[in-house]
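Structural characterization, general
Here is how the chains run, residue by residue.
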Amino acid sequence: MQENICSIPINDVFMPKDGCPMCRMRDMLEQRKAEYITGSAMMEPNVRIRTNEEGFCYRHFSMMIKLGKRLSNALILESHLQRVAEEIVLTNPKGKFDKKRLAALQSMTKDCFICRDIRDNMENMVRIVHAMWMSEPEFRELYAQQPYICLEHYTMLLDVDQKGLGKNYDDFYKATLALTGGYLASLREDITHFCRMFDYRNAEADWGNSRDSIERSVAFLTGEKAVLTEDGFENTIEP
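Residues numbered from 1 in each chain as written. Predicted model: local features only at pLDDT ≥ 70, side-chain atom pairs only at ≥ 80, totals over all residues. Heavy atoms only, no water.

1. Description of the overall build of the protein chain
Across its full length, the protein chain holds 12 helices and two strands. Counted from the first residue to the last, the protein chain has its helices and strands arranged as α-α-α-α-α-α-α-α-α-α-α-α-β-β. Relative to its 239 residues, the protein chain shows a buried fraction of 41%. Within the protein chain, counting contacts between residues at least 6 apart in sequence, those at least 24 apart form 65% of the total. On the protein chain, roughly 14500 Å² of surface is accessible, and the fraction owed to carbon and sulfur atoms is 54%. (Helix = DSSP H or I, 4+ residues; strand = E, 2+ residues; numbered from the N terminus. Buried < 20%, exposed > 50% of the residue type's maximum accessible area, 1.4 Å probe, protein only. Contact = heavy atoms within 4.5 Å. Areas by Shrake-Rupley, 256 points an atom, 1.4 Å probe, with all protein chains shown as cover.)

This is how it looks when you write it as structure tokens:
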């Protein structure tokens, strides 16, 4: 396959053939962004203005705290808390309700600076995947060799820039459906077998591939890897 600055990251996440390649793409983008926010972006006023306004979700705050220095995180929080204070405590000196300030707070609590950036970047990556799939037979073969595409990224791959695929859309749909639909069928078999193993009549039966079917089903449905502990699920994607 011919490689360039756009195709290299795509090849990097598709080559391992381990799980959903688009999940690996998202994880890579998230880590790079969290490192950037707590690193060089600290000195970029335009970025700080946006992070102060938009804030971060729990997932991405956790990544930033793990990957960045404590002082960097404290400085980010200091200016963000000031912005929150301006929207809440300093809403109106007369104490009147302000719908515009409430709307700003709602936006801040429902979204995240990194989430928005990842959404935009993932859509761009999907367009590159489409272009490579249409123009490079080797990548088309690599695409077909993936274990599966999770439900979230199945939807994204088929929804983003449908016009860009043009007459190739139906073929791309079939290739993607084969990955997602085929894996879904095997998951259903495994989870059903897991349930049947709790019937006393199957006490001596073989568990087959069903032992981790709960975890694999959650990963397929949510795009998040997880392990099942005695107390419930524990996220294994390190923040």
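Anyway, onward from the coordinates.
2. Notes on the nonpolar core
Ile-10, Phe-14, Ile-37, Phe-56, Ile-114, Phe-139 and Tyr-143 are the most contacted members of the largest nonpolar core, which has 49 residues in total. Top contributing element to this core by residue count: helix H7 (residues 113-135), with 10 residues. Discounting residues that sit within four places of it in the chain, Phe-56 has contacts with Ile-37, Thr-51, Phe-61, Met-64, Ile-76, Cys-112, Phe-113 and Ile-114. (Core = buried A, V, L, I, M, F, W, Y, C linked by side-chain atoms within 4.5 Å.)

3. Here we look at the side chain of Arg-26
Tracing the backbone through its elements, the reader meets Arg-26 in helix H2 (residues 21-37). A relative accessible area of 8% means that Arg-26 is categorised as buried. Polar contacts involving the side chain of Arg-26 include one to the side chain of Asp-27, which spans 2.9 Å. (Polar contact = N/O pair within 3.5 Å; in protein donor to acceptor, adjacent residues only side chain to side chain.)

4. Concerning unusual backbone geometry
With a phi close to 55°, Lys-17 is a non-glycine residue in the positive phi region. Here Lys-17 is to be found in the loop between helix H1 (7-14) and H2. Relative accessible area serves as the criterion here: at 38%, Lys-17 is assigned to the partly exposed category. Residues other than glycine seldom take positive phi values, yet Asp-161 does so here, at roughly 50°. Counting through the fold element by element, Asp-161 comes out in the loop between helix H9 (151-159) and helix H10 (162-165).

5. A look at the pattern of salt bridges
Counting across every chain of the model gives 14 salt bridges. We note a salt bridge from Glu-30 to Arg-59, for which the minimum N-O separation is 2.7 Å. Separated by 29 residues along the polypeptide, Glu-30 in helix H2 and Arg-59 in helix H4 (residues 58-67) bring together distant segments of the chain. Overall, the relative accessible area of 5% leaves Glu-30 in the buried class. (Salt bridge = Lys/Arg side-chain N within 4 Å of Asp/Glu carboxyl O.)

6. A word on H1
Turn by turn, an α-helix covers 3.6 residues, leaving residues three or four places apart pointing in a common direction. Among the eight residues of H1, six are classified as buried, and the element is accordingly described as predominantly covered. Those residues of H1 that are buried lie in contact with H2, H7 and helix H8 (137-144).

7. So, H2
Taking 1.5 Å per residue, 17 residues should reach 24 Å; H2 reaches 24 Å between its end C-alpha atoms and fits that length. The element H2 is extensively covered by neighbouring structure, given that 12 of its 17 residues are classed as buried. Within H2, the full set of buried residues consists of Pro-21, Met-22, Cys-23, Arg-24, Met-25, Arg-26, Met-28, Leu-29, Glu-30, Lys-33, Ala-34 and Ile-37. Lining the buried residues of H2 we find H1, helix H3 (45-54), H4, helix H5 (70-88), H7 and H9. (Expected span 1.5 Å × (residues − 1).)

8. Details of the packing of H2 against H4
One can describe the packing of H2 onto H4 by two numbers: an axis separation of 9 Å at closest approach and a directional angle of 60°. What the angle tells us is that H2 and H4 run oblique. Along this stretch, H2 crosses H4, giving a crossing that reads as right-handed. Judged by residue contacts, Arg-26, Asp-27, Glu-30, Gln-31, Ala-34, Glu-35 and Ile-37 of H2 engage Arg-59, His-60, Met-63, Met-64 and Leu-67 from H4. Of the residues assigned to the contact of H2 with H4, the class counts are five nonpolar, two polar and five charged. (Axes fitted to C-alpha atoms, helices over the stretch in contact; angles between N-to-C directions. Parallel < 35°, antiparallel > 145°, perpendicular 65-115°, else oblique. Left-handed = near helix turned anticlockwise from the far one by under 90°. Nonpolar A, V, L, I, M, F, W, Y, C, P; charged D, E, K, R; others polar.)

9. Description of the packing of aromatic side chains
According to the stated counting rule, one finds 13 aromatic pairs in the structure shown. Through a chain of ring-to-ring contacts, the aromatic side chains of Phe-14, Trp-133, Phe-139, Tyr-143 and Phe-172 assemble into a single cluster. Over the ring of Trp-133 we find Arg-140, and its NZ or CZ is 3.8 Å from the ring centre. (Phe/Tyr/Trp six-rings, centres within 6.5 Å; stacked < 30°, edge-to-face > 60°. Lys NZ or Arg CZ within 6 Å of the ring centre and 35° of its normal.)

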